[in-house]
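Listed below are the residues making up each chain.
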Amino acid sequence: MPDERIGILAANTARQYGRDPFRVSREKGITVLFRDDFTAQKGAFTTVSGQMFIFINSRLSDEMQRLVCAHELGHALLHRNIRGAFLEFALFDTADHLEYEANLFAADFLLSDEDVRTLALEGADALSMARNLNTNVNLLLLKLSQMNLRGAGFHLPRLVRADFLKNVTDDSGVL
C-alpha cells in the first residue's frame, strides 16, 4: 500500500475511534492478549478462523505496550488477508515491507500532525517533542519524515531508521 494511503487510514482511524490502539482493537473485534511467555518478542498478529488476534508481551511498560499494539493494529488493518497458519512478524524489521508499513501506521496513528506541528512551531527539537508526546524519538522522526512527504518541510537531524523499534529495549519503562 502506498505510504500516503497508510497515513490516510491511520488518520481516519484515529478520527473515528481516538488514538488508543486498545480501544480501536476492541471496536474492530480484534482480541488483544497479553503474553508473559514472550522473551525477546514484543508482539505478534495473527488470524485464526477469521478471528483476529494481537499478542503483546506483558512484561513491557505501558508506553511500549501501546506502541506495540498500534504497530500490530497496523498489521491487522493493512495485512489481515495474508495467508498463513500463524503470522509471527519480525517486529519492527523494515527489511520486510510489511513491517515498514506497520511502523508507518503506528507513527501516523499515535502522533497527530497538529500536535507535532504545534510543538515544532514552538521551537522544540526532536528529543523535546518526543518527550512532550510521550513517545520514542525515532517514532517521532518517522512521523516527521512522513509529514515531509506531505509537504511539511521539517529539517530532520539525521536519516530516519524506520526499523528502530526492533532494537528498542524497555528495561526502564522509558521509550
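Everything numeric in this text was worked out from a predicted model, so none of it was measured.

A.B. asks: Could you clarify how one ought to interpret the environment of leucine 140 in this entry?
C.D. replies: Turning to its location among the elements, leucine 140 is positioned in helix α7 (residues 137–149). Once residues lying within four places of it in the same chain are set aside, the contact partners of leucine 140 are Leu111, Val116, Ala126, Met129, Ala130, Leu133 and Thr135.

A.B. asks: Just to check I follow, could you spell out the confidence of the model for the protein chain for this structure?
C.D. replies: If pLDDT is low for a region, its predicted coordinates should not be looked at in detail. Looking at the protein chain, pLDDT values average 84 and 80% of them are 70 or higher. Per-residue pLDDT, averaged within each element of the protein chain, yields its smallest value for α7 (88) and its largest for helix α2 (residues 21–27) (98). Confidence over residues 84–92 falls short of pLDDT 50; this stretch has 33 contacts with residues more than four positions distant or in other chains.

A.B. asks: I tried to follow the packing of aromatic side chains on my own but got confused; where do I start?
C.D. replies: Any pair of aromatic rings gets described here by the distance separating the centres and the angle formed by the planes. All told, the structure shown has three aromatic pairs when counted by the stated rule. Taking the centre distance of 6.2 Å and the plane angle of 15° together, the rings of phenylalanine 53 and phenylalanine 55 count as stacked. Here phenylalanine 53 and phenylalanine 55 have matching classes, each one buried.

A.B. asks: What am I meant to see in the pattern of salt bridges here?
C.D. replies: Should their charged atoms come close, side chains of opposite charge can pair. All chains considered together, the criterion is met by five salt bridges. Aspartate 37 serves as the salt-bridge partner of arginine 35, at 2.5 Å between the closest nitrogen and oxygen. Given a relative accessible area of 29%, arginine 35 falls into the partly exposed group. The exposure class assigned to aspartate 37 is partly exposed, which follows from its relative accessible area of 45%. For lysine 143, the salt bridge goes to aspartate 108, with nearest N and O atoms at 2.8 Å. One end of the pair, lysine 143, is in helix α7; the other, aspartate 108, is in helix α4 (residues 97–110), with 35 residues separating them in the sequence.

Reading the values: rules and limits
Residues numbered from 1 in each chain as written. Predicted model: local features only at pLDDT ≥ 70, side-chain atom pairs only at ≥ 80, totals over all residues. Heavy atoms only, no water. Helix = DSSP H or I, 4+ residues; strand = E, 2+ residues; numbered from the N terminus. Contact = heavy atoms within 4.5 Å. pLDDT = per-residue confidence, 0-100. Phe/Tyr/Trp six-rings, centres within 6.5 Å; stacked < 30°, edge-to-face > 60°. Buried < 20%, exposed > 50% of the residue type's maximum accessible area, 1.4 Å probe, protein only. Salt bridge = Lys/Arg side-chain N within 4 Å of Asp/Glu carboxyl O.

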